[in-house]
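Examination of the molecular architecture
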Amino acid sequence: MASPRGITLYHSPASRAFTAYWMLEELGVPFNVRTVDIRKGEQKQPAYLKLNPAGKVPTLTDGEVVVSENPAIAIYLADRYGYGTLAPRIDDPDRGPYLKWMVFSTAVVDPVATLHKNKIDLPGFDFSFGAFDDMVAVVTGVLKDRDYLLGDRFTGADVVLGGTLARLMYQKVLPETPELVDYRDRLTLREAFHRAADATWPAEFYAAATV
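Counting of residues starts from 1 at the beginning of each chain's written sequence and follows it residue by residue. Local features in a predicted model are, by the rule used here, given only for residues with pLDDT of at least 70; side-chain atom pairs are given and counted only at 80 or more, and totals for whole chains, interfaces and linings are based on all residues. The basis for the side-chain values is all heavy atoms of the structure; hydrogens and waters are excluded.

**Details of the pattern of salt bridges**
The condition that has to hold: For this analysis, a salt bridge means a side-chain nitrogen from Lys or Arg found within 4 Å of a carboxyl oxygen belonging to Asp or Glu. Put simply, DSSP marks the helices as runs of H or I at least four residues long and the strands as runs of E at least two long, and each gets a number from the N terminus on. Using a 1.4 Å probe on the protein chains alone, a residue whose accessible area is under 20% of its type maximum counts as buried, one over 50% counts as exposed, and one in between counts as partly exposed.
Going through the model one piece at a time under the given rule, you end up with 12 salt bridges. A salt bridge links R95 to D79, with the shortest nitrogen-to-oxygen separation between them at 2.9 Å. Placement of the pair is R95 in helix α4 (residues 95-117) and D79 in helix α3 (residues 70-81), with a sequence separation of 16 residues. Look at D79 and you get partly exposed, because its relative accessible area is 27%. As a salt-bridge pair, R184 and D185 come within 3.1 Å of each other at their nearest N and O atoms. It is possible to trace a salt-bridge network through shared partners that takes in R16, D110 and R167.

The following block contains the structure:
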């Protein structure tokens, strides 16, 4: 059990840490924020490296618990503070797809899109995360004729994958297919998304996600 000292999120503005911030806002739990300016190299300072030896954001502490990596943070938070709502229960058939999309967001979508942004498109068969066009087809396919990844049920998987997609669409990396645009715009209607975006991204991010 975490101690009662509370939750602290270490994040950097306009970064992937938006996802963890959004998850906390969805859960409605009190939390503190400590800014780690990655553009100034603060993520490589010894004190921070003790929490996250990878020198990246976000990192979350909950009492004595330390968690990094967006999917891990989201799984931890949803299980602890949103079990049965944002996190399907362990015996729920949706638990499997929920975990899959959590992992898919950073194991496949983010690296493939980042490579594509840098004009590197690798043959999907030779790499575990596959090809860019295949990734886009998978995501648009699951979102066809449904509101959320698990159907009409919003979960933490939508926070993790949705946060990734919103950032990549803001950066003009992903194609603006009807499925992706509708999904992103649906997520931006959530008040928790508004609060996280206002706290962590410039106004252009919010505007790009609501037009």
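There's plenty left to go through after this.
**Side note on the packing of helix α1 (residues 18-27) against helix α6 (residues 156-170)**
Put simply, the rule reads: Inter-axis angles, ranging from 0 to 180 degrees, are taken between N-to-C directions of lines fitted to C-alpha atoms, where helices are fitted over the stretch in contact. Handedness of a crossing follows from how the near helix is turned relative to the far one, being left-handed for an anticlockwise turn of less than a right angle and right-handed for a clockwise one. Contact definition: two residues touch when any of their heavy atoms are within 4.5 Å. Polarity classes work like this: nonpolar for Ala, Val, Leu, Ile, Met, Phe, Trp, Tyr, Cys and Pro, charged for Asp, Glu, Lys and Arg, and polar for all others, with Gly in that last group.
Between α1 and α6, whose axes approach to 9 Å, the crossing angle comes to 145°. In the crossing of α1 with α6, the sense of the turn from one axis to the other is right-handed. Every residue of α6 that contacts α1 at F18, T19, W22, M23 and E26 is listed here: G156, D158, V159, V160, G162, G163 and T164. Classifying every residue of the contact of α1 with α6 by side-chain character gives five nonpolar, five polar and two charged.

**Remarks on the nonpolar core**
Rules: Residues belong to one nonpolar core when they are buried, are Ala, Val, Leu, Ile, Met, Phe, Trp, Tyr or Cys, and are joined through side-chain atoms within 4.5 Å.
Counting residues in hydrophobic clusters, the biggest one holds 57 residues, and the most contacted among them are W22, L77, M135 and L174. Apart from residues no more than four positions distant in its own chain, L77 is found in contact with I7, M23, L24, L27, L60 and G82. Y10, V36, Y48 and V57 belong to the second-largest nonpolar core, a separate cluster that totals five residues.

**Thoughts on the confidence of the model for the protein chain**
What counts is decided by this rule: Note on scores: pLDDT gives the predictor's confidence for each residue, bounded by 0 and 100.
With 91% of its residues at a pLDDT of 70 or more, the protein chain has an overall mean of 91. Confidence, read as mean pLDDT per element, is least for helix α9 (residues 203-208) in the protein chain (59) and greatest for α3 (98).

**Examining the layout of surface pockets**
To be explicit about the condition: The rule is simple: put a 1 Å grid over the protein atoms alone, call a set of points where a 1.4 Å probe fits but cannot get out a cavity, call an open set with protein on both sides within 12 Å along at least five of seven lines a pocket, and count a residue as lining if it has an atom within 4 Å of a point. Grid points are joined across faces, edges and corners, and a volume is the space filled by probe spheres set on the points.
If you add up the space inside the largest pocket, you get close to 470 Å³. Along the walls of the largest pocket sit 24 residues, with R16, K56, V57, P58 and D110 positioned nearest its centre. When contributions to the lining of the largest pocket are tallied by element, the ones reaching two or more residues are α1, α3, α4 and α6. Among the residues making up the lining of the largest pocket, the classes are represented as eight nonpolar, 10 polar and six charged.

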